[in-house]
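Secondary and tertiary structure notes
Given next are the chains, with one letter for each unit.
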Amino acid sequence: MRAEEILELLRDYIVEAKSVGERRIFATTDAAKYRQALRALKDRGFVHLSTITGVDLGDRMEVIYHVDCGGIVLNLKLPLPRESPSLRTVTDIFPGAVLYERDLMEMLGVRVEYHPDPRRLFLPDDWPANKYPLRKEE
Amino acid sequence: MNSLDFLFAYFVFPGLLFAGVVGLLLGGIDRKLTGRMQNRVGPPIWQEFLDVGKLFSKEDITPSAAQGLIFTAAPLVALGSIVAIFLLLPVNSPRPALSSVADLIVIIYLLNIPAICAMLGGYSSACPFGVVGSGRYIAQLLGYELVFILAVLAAALRVGSLSVADVVAYQAGKGWLALQPRLLPAAVAAILAAQGKVLRVPFDIPEAETEIVHGPLTEYSGPKLALFRIAYDIEVFAVAALIVALFFGGPVAHTLDGIYVPGVVSFLIKCFALVLLTTCVRNICARLRIDQALKFFWTFAALLAFISLVSVL
Amino acid sequence: MTFVLPIGPQHPALKEPEHFRVEVKGEEVVDVDVRLGYVHRGIERELARRSFARGLFLSQRVCGICTTHHGLCYCQAVEQLAGVEVPERAEYARTIMAELERIQSHLLWTGVAAHEIGFDTLFMLLWRDRELVMDLRELISGNRVHPSMETLGGVRWDIRPEHELKVERSLKKLEAEVKRYIDLFTSDRTILARCEGVGVLRRQDALELCAVGPTARGSGVPFDVRRDDPYAAYGELEFEVVTEEGQDVLARALVRLREIMESIEIIREAIEAMPKGALRARFPPEVPDGEAVARVEAPRGELLYYVMARGGDKPERVRIRTPTYANLASLKPMLVGSTIADVPIVLASIDPCFSCTDRITVVDVETGASKVVSKLELRRRTS
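What you see is a predicted model, and the numbers here were worked out from it, not measured in a lab. (Residues numbered from 1 in each chain as written. Chains lettered and ligands numbered in written order. Predicted model: local features only at pLDDT ≥ 70, side-chain atom pairs only at ≥ 80, totals over all residues.)

**Describing the overall build of chain A**
Each helix and strand in chain A was counted, giving 3 helices and 7 strands. Ordered by position in the sequence, the α and β elements of chain A form the string α-β-β-α-β-β-β-β-α-β. Taken over C-alpha atoms, the radius of gyration comes to 15 Å for chain A, in line with the 14 Å a tight globule of 138 residues would show. In terms of overall dimensions, chain A has a C-alpha envelope of 45 × 30 × 25 Å along the principal axes. A total of 138 residues make up chain A; the buried ones form 45% of that total. (Helix = DSSP H or I, 4+ residues; strand = E, 2+ residues; numbered from the N terminus. Rg over C-alpha atoms; globule rule 2.2 N^0.38 Å. Buried ≥ 20, exposed ≤ 12 C-beta atoms within 10 Å, placed from the backbone.)

Here you go:
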C-alpha cells in the first residue's frame with residue numbers, strides 16, 4: 001500500500017497529516033478518534049506496532065503510535081493536555097503494546113486506563129511515586 | 001595381610017599416592033585434550049596438581065549456616081572410600097591387595113560413596129545451589145547405577161563368581177569379556193553408565209560449567225574442595241579401573257623381548273584409553289536434560305545390559 | 001516442588017539486568033512476568049542533553065554487539081532531519097559494516113546458545129570463527145568492538161582494495177564453517193533434544209505481540225526492515241529474507257545461521273557493486289526543526305529511532321526502541337507450558353541483549369512461595 005492510500009484509509013480519524021519521502025507519514029489524531037484509527041489499521045492487516053513514544057512538548061504531551069504499514073512507518077500523534085494526561089489502552093487492538101504503555105506511564109506520567117498490568121517497567125521499586133523522568137522540569 | 005602391608009597398600013601403592021598421582025594426571029590430560037579439541041591450547045597436563053595444591057593453601061571455610069560436621073566429613077569420607085577401592089581392584093596382578101569372596105558388591109558400594117558424600121555435602125551446605133544440585137545428582141544416580149549394576153552382574157554371572165580376582169583370572173584364559181558377543185552389550189552399557197557416574201557431558205547435569213561453582217560443591221572452597229577434587233579425579237580412575245578389570249582383562253604382565261613388563265603397565269594403558277573415550281564423548285555432545293538422561297539410561301542403556309544379563313543366564 | 005533459592009551477597013544475580021518471575025506448578029511453567037530496569041541508564045534523556053554530533057557516540061554505546069546498527073540508525077534519523085544525502089560509496093560501506101556486525105552477532109549468539117545447552121566445544125569453535133569477523137572490523141576501522149565507522153553524513157574510513165582481499169578470504173572460511181554448523185544443528189541428537197519443540201512461539205502470537213527479527217522469522221513471519229523499508233544500500237542488493245516454520249528454539253537458531261550465509265553474500269555483492277566516490281557529505285552546523293523516524297534491521301530485529309529537533313544544537317527528544325524490547329512480550333507464550341529445564345535456552349533464543357545474568361523468580365502457585373533464582377543457577381539446575 002502506498003502512503004496516499006494509507007492517508008485515505010485514515011481520512012476520517014485524523015486532523016492533519018504530512019508525508020515525508022515515500023515511506024514516512026506523520027499524522028495527528030485526537031482523543032476521540034485515535035482508537036478508531038488504530039482499529040482501522042489493524043483491520044487492514046497492519047498488525048505491527050513498532051513502538052509508542054511519549055514526548056513532553058512543554059505546552060502539551062504527545063503520544064505517538066508508530067505503526068508499520070508494509071514498510072511505511074505511520075506515526076500517529078495524539079496530543080494530550082499536560083495536566084493529568086490520560087488515555088485508554090490499545091492492548092485490545094495491539095497486544096504488543098503492553099510494555100510500551102507501561103513505559104509511557106512511568107516515564108511521562110500518562111495514565112493509561114484499562115491497562116492489564118499497570119506496573120513499573122524500568123524504574124527501580126523505590127523510585128518516588130510522582131517523579132516522571134522524561135517530563136520537563138519546571 | 002599385616003598392618004604394615006595394609007598401610008603401605010592404602011597410602012602408597014595402589015592406594016592414595018598411586019591413585020592420587022595417576023588420577024590427577026588423568027584429570028590434567030582430560031583438560032589438555034579438551035582444550036585441543038576445542039581449538040584452544042589447554043592447560044598443561046599437571047594443571048590438576050597445581051590447582052589442588054593451590055586449593056590446599058587457601059583458607060578453610062565452613063559457612064556458618066551449614067551443618068559443620070557433615071560438611072567437613074563429606075570430603076574426607078569421599079576420599080577415604082575411593083582410595084579404599086584401589087585395595088580391592090586388581091592393579092598389578094589379578095589378585096587385588098585385599099580380596100574377599102564377594103568383593104564386587106563391596107566395590108560397587110564403595111564406588112557410590114563419593115557420590116553420596118557429594119550429595120550430603122550439598123545438602124549440608126545450606127546453599128540453594130547445593131540443595132538443587134544434590135537433588136539432581138540423586139535423580140541421575142538412579143539412572144546410571146541400575147545400568148551399571150546390571151552390566152557388572154552380567155560379567156559376574158558369566159564367570160560364575162562375585163570376586164574381581166576370579167573375573168580377571170577368567171579373562172586371562174578365555175580372553176576379554178568385552179570381546180565375547182554375549183557380553184559386548186554389557187561392556188557398552190557399563191561405559192555409558194560410567195559417563196554418568198563421572199558426571200561428564202552429556203551427563204554433567206548435577207554440576208555446572210567449570211567457570212562457576214558446581215551444584216553440590218558450590219560452598220566448598222580451599223582444602224575441603226581440594227579433597228573433593230582429588231576424590232573426583234580418583235573416582236574417574238577407579239571407574240575406569242573396574243571396567244578394565246571386568247571387561248578388558250585387567251592387569252596383565254607381559255614379557256617383551258625378554259623384558260618383564262609388570263601388569264600395572266597394561267592396566268594403566270587400558271585405563272587411560274577408557275578415560276580418553278569419556279573425554280572425547282564429553283567434548284562432542286550437548287548436555288541432556290535430567291528427564292532425557294533418565295530416559296536414555298532406563299531404556300537404551302538398561303536394555304543393552306539386560307540383553308547381556310539374559311544371554312548369560 | 002518449591003525452590004528455596006534466596007539471593008545471597010555473593011549471588012551473581014545482584015548484577016543482573018533483568019528479572020523474570022516464572023510461576024510454576026511442579027516442573028511446568030504457568031506464567032511469566034518480566035521486570036526490567038537493571039541496566040537502565042537514562043540514555044534517552046541523555047541524548048536530549050547532548051549535541052547531535054556527540055549523541056552519535058552515546059547511541060553507539062547502547063549495545064556493544066549491535067553498536068554499528070545503533071549508530072547507523074541514529075545517523076539516518078539525524079540525516080533525515082538535516083536533509084543530508086549520504087554519498088553512495090558511504091552507503092555501501094555502511095552496508096558492509098552492518099552485515100559484518102550481523103555475522104559476528106549471530107556467531108556470538110550461537111556460541112552462547114551452545115554454552116547454555118552444555119555444548120562447550122561448539123561454543124569455543126563458534127567464537128573462534130567469530131574472530132575472523134572481529135579481525136576484519138579491526139582491519140577496516142581500527143576497532144574490534146566499536147568500529148564507529150558511521151558518522152553524520154557518511155562514514156569515517158574507506159574500505160580499501162587490500163581490505164577487500166582479506167574480507168573475501170575470511171568470508172570463504174566462514175562460509176565453509178557455517179555450513180558445517182547448519183548441518184550440526186539439524187542433525188546432532190543432543191542439540192535437537194534440547195532445541196527442537198522447545199520454546200514454541202506460534203505465528204499468530206508472534207504477529208499479535210509484534211515480535212521482530214529472527215524471533216519472528218523463526219515463526220514464519222517474513223518481516224525484515226532491509227526488505228520492507230530499505231536503508232543504506234539494501235535497496236540495490238539482492239538477498240533472501242530467511243524464515244523458518246519450526247516456531248521453536250531450533251528454528252530461531254537456524255534463521256540466524258542461515259542469515260550468516262545471506263550476509264556473506266550481501267557483503268560480496270556490496271563489495272562488487274560499491275561505486276567510487278566521496279565518503280561523507282558535509283553536515284550542516286544546525287539541524288532544522290522537524291521529526292524523523294529511522295529503522296534498521298539490527299541482528300536482533302527491527303531497531304527504531306525517533307528524533308525530534310526543535311531548535312538548538314541538541315535534539316528535543318530521542319526515542320530508541322530496541323529489538324529485544326519488542327520481543328520480551330513474546331517470551332510469555334514461549335515459556336508457558338515449558339518445563340523449568342528449558343527456561344535458560346528459551347530466554348536465550350530471543351537473543352536478549354543482556355544475556356549473562358538474568359534473574360528468574362520461581363513461584364509455586366500452589367503454595368504461593370516465591371524464590372529468586374539467577375539464570376546461572378537455573379542453567380545449572382535445569383541442565
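**Structural notes on helix α9 (residues 222-247) of chain B**
Residues and elements named next belong to chain B. Taking 1.5 Å of rise per residue, 26 residues should cover 38 Å, and α9 covers 38 Å from first to last C-alpha, within 8% of that figure. Burial runs high along α9: 24 of the 26 residues are buried. Count one or two residues on from α9 and you reach G249, which has phi positive near 90 degrees. (Expected span 1.5 Å × (residues − 1).)

**Examining the sheet that holds strand β5 (residues 290-298) of chain C**
Residue and element names in this part refer to chain C. Ordered by their spatial adjacency, 3 strands build an open sheet running β5-β6-β7, and the pairing between neighbours is antiparallel. Two strands close off the open sheet at either side, each with one partner strand: β5 and β7 (315-321). Strand-to-strand twist in this sheet, taken as the mean axis angle between neighbours without regard to direction, amounts to 15 degrees. Most of the contacts of helix α3 (residues 67-82) go to β5, to which it runs at about 150 degrees, and overall it touches β5 and β6 (301-309). (Pairing = 2+ DSSP bridges. Axes fitted to C-alpha atoms, helices over the stretch in contact; angles between N-to-C directions. Contact = placed C-beta atoms within 7 Å.)

**Section: unusual backbone geometry**
Going from F13 of chain B to P14 of chain B, the amide bond is cis rather than trans, its omega being -5 degrees. Between V201 of chain B and the following residue, P202 of chain B, the backbone shows a cis peptide bond with an omega angle of 5 degrees. With respect to the helices and strands, P202 of chain B occurs in the loop between α8 (184-197) and α9. A positive phi is found at Y114 of chain A, a non-glycine position, where the angle reads about 65 degrees. Note on placement: Y114 of chain A falls in the segment after β7 (111-113).

**Concerning the interface of chain A and chain C**
Contacts between the two partners involve 27 residues from chain A and, on the opposite side, 26 residues from chain C. Listing elements by their share of the side of chain A that touches chain C, those giving two or more residues are β2 (24-29), β3 (48-56), β4 (61-69), β5 (72-80) and α3 (98-108) of chain A. The element best represented in the side of chain A that touches chain C is β3 of chain A, accounting for 6 residues. When grouped by side-chain class, the residues that make up the side of chain A that touches chain C number 16 nonpolar, 9 polar and 2 charged. (Nonpolar A, V, L, I, M, F, W, Y, C, P; charged D, E, K, R; others polar.)

**Structural notes on helix α2 (residues 52-60) of chain C**
Residue and element names in this part refer to chain C. Residues of α2 that are buried: F52, G55, L56, S59 and Q60. The arc enclosing the buried residues of α2, seen along the axis, measures out at 135 degrees, which places them on a common side. On its buried face, α2 is in contact with α1 (43-47), α3, β3 (150-151) and β7. (Arc of directions from axis to C-beta.)

**Side note on the packing of helix α4 (residues 88-116) of chain C against helix α5 (residues 120-141) of chain C**
Residue and element names in this part refer to chain C. Two numbers describe how α4 lies on α5: the axes approach to 8 Å, and their chain directions differ by 165 degrees. One way to sum up the angle between α4 and α5 is to call them roughly antiparallel. Along this stretch, α4 crosses α5, giving a crossing that reads as left-handed. Within the contact between the two elements, α4 uses L100, I103, Q104, L107, L108, T110, G111, A114 and H115 and α5 uses D120, L122, F123, L126, W127, D129, R130, V133, M134, L136 and R137. (Parallel < 35°, antiparallel > 145°, perpendicular 65-115°, else oblique. Left-handed = near helix turned anticlockwise from the far one by under 90°.)

**Let's talk about the packing of helix α2 (residues 16-37) of chain B against α9 of chain B**
All names here are of chain B. For the pair α2 and α9, the least separation of the axes is 8 Å and the interaxial angle reads 90 degrees. Viewed along their axes, α2 and α9 adopt a mutual orientation that is roughly perpendicular. Facing A19, G20, V22, G23, L24, L26 and G27 of α2, the residues of α9 in contact are I230, D233, I234, V236 and F237. In terms of residue class, the contact of α2 with α9 is made up of 8 nonpolar, 3 polar and 1 charged.

**So, the sheet that holds β3 of chain A**
All names here are of chain A. With respect to topology, 5 strands assemble into an open sheet ordered β1-β2-β5-β4-β3, the strand pairing being mixed. Here the strands that pair on one side only, and so sit at the sheet edges, are β1 (14-20) and β3. The mean inter-strand angle of the sheet, taken between neighbouring strand axes irrespective of direction, is 20 degrees. Across 5 bridges, the pairing between β2 and β5 is parallel. Paired with T28 across the strands is K77, a residue of β5.

**Overview of the nonpolar core**
Ranked by internal contacts, the top residues of the largest apolar core, which has 261 residues, are V147, A151, A155 and I243 of chain B. Among the elements that take part in this core, α9 of chain B stands out by supplying 20 residues, more than any other. Here this core spans two domains, and each of domain 1 (12-39 + 328-382) and domain 2 (43-321) of chain C adds at least three residues to it. Setting aside chain neighbours within four positions, we find V147 of chain B in contact with A189, L192, A193, F297, A301, A302 and A305 of chain B. (Core = buried A, V, L, I, M, F, W, Y, C linked by C-beta atoms within 7 Å. Domains from an automatic or database assignment.)

**Considerations on the pairing of β6 of chain C**
Residues and elements named next belong to chain C. Among the 9 residues of β6, 9 are classified as buried, and the element is accordingly described as predominantly covered. Relative to β6, β5 is paired through 9 bridges, and the arrangement is antiparallel. Bridging across to β6, G290 finds its partner in A309. Hairpin connection of β5 to β6: 2 residues between the antiparallel strands. Here β6 runs beside β7; their pairing, made up of 6 bridges, is antiparallel. Among the inter-strand pairings, Y305 is bridged to a residue of β7, identified as I320.

**Description of the environment of A84 of chain B**
Residue and element names in this part refer to chain B. Along the polypeptide, A84 turns up in helix α4 (residues 68-88). Note on A84: 19 C-beta atoms within 10 Å, which makes it partly exposed. Distance from A84 to F203, taken between C-alpha atoms, is 26 Å for residues 119 residues apart in sequence.

**Observations regarding the confidence of the model for chain B**
Residue and element names in this part refer to chain B. Averaged over chain B, the pLDDT score is 89; the fraction of residues at 70 or greater is 97%. Averaged pLDDT values over the elements of chain B bottom out at 82 in strand β1 (residues 254-256) and peak at 95 in helix α3 (residues 47-56). In this model, residues 209-213 is a region of pLDDT below 50 whose contacts with residues beyond four sequence positions or in other chains number 5 contacts. Across the interfaces of the predicted complex, the ipTM metric reaches 0.92, alongside a pTM of 0.87. (pLDDT = per-residue confidence, 0-100.)

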